[in-house]
Amino acid sequence: MAFDLLLDDNISPLNLILLKVVGRLMDCPPHAFKKRLDYLDQLRIAGYDHVETYDISKHVFAPLAQFLRRQEQDLKTIGLSLGKLKAATWLFEWWASNVVVRGVIVVAKRHDR
């Protein structure tokens, strides 16, 4: 079982370009994000014959962005800020409000023969 990030199957060309630009700025490998079917194919090639994914995006991105916003407000009261984590806040808000990246739980089982 794992948590992973997958490209949404219906990502727009513009959002895909933006994601690649953001990824480059974050030193993320260009092909780090895969669409669900490509991801499943990789797991099957690795020997997993039963793979399920559960999209939990609505429970991940918006709540995480809200948490970071609250932290930013709390830190302001004592004269501090999130610093570089402000970019993460923006990223999670973007993913929460657009069809770009999905947060998924992956359950992969290997039945040894």
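Right above here is the structure, for reference.
Residues numbered from 1 in each chain as written. Predicted model: local features only at pLDDT ≥ 70, side-chain atom pairs only at ≥ 80, totals over all residues. Heavy atoms only, no water.

K.L.:
Residue-level account of the nonpolar core, with values.
P.N.:
If you look at the biggest cluster of nonpolar residues, it comprises 16 residues, and the most contacted ones within it are L19, F61, F92, W94, W95, V100 and V101. Residue assignment for this core shows that the elements contributing at least two residues are α1 (13-25), α3 (61-76) and α4 (85-97). Looking at this core element by element, the count peaks at five residues for α4. By size, the runner-up hydrophobic cluster in this structure holds seven residues, among which are Y39, L40, V51 and V106. (Core = buried A, V, L, I, M, F, W, Y, C linked by side-chain atoms within 4.5 Å. Buried < 20%, exposed > 50% of the residue type's maximum accessible area, 1.4 Å probe, protein only. Helix = DSSP H or I, 4+ residues; strand = E, 2+ residues; numbered from the N terminus.)

K.L.:
How would you sum up the environment of M1? Please name residues and give values.
P.N.:
Assignment of secondary structure puts M1 in the segment before β1 (2-7). Residue classification places M1 among the exposed residues on the basis of a relative accessible area of 80%. For the pair M1 and D55, spaced 54 residues apart in sequence, the C-alpha to C-alpha distance is 13 Å. What M1 contacts, discounting residues up to four positions off in sequence, is I105, V106 and V107. (Contact = heavy atoms within 4.5 Å.)

K.L.:
Help me get a handle on the sheet that holds strand β3 (residues 101-109), residues and values and all.
P.N.:
Taken in spatial order, the three strands line up as β1-β3-β2 in an open sheet, and their pairing is antiparallel. The sheet is open, and its two borders are formed by β1 and β2 (50-55), each paired with just one other strand. For this sheet the average axis-to-axis angle between neighbouring strands, irrespective of direction, equals 40 degrees. Examined bridge by bridge, β1 and β3 share six bridges and lie antiparallel to one another. Within β3, the position partnered with A2 by the bridge is V106. (Pairing = 2+ DSSP bridges. Axes fitted to C-alpha atoms, helices over the stretch in contact; angles between N-to-C directions.)

Spatial relationships are all this shows, so hold off on functional conclusions.
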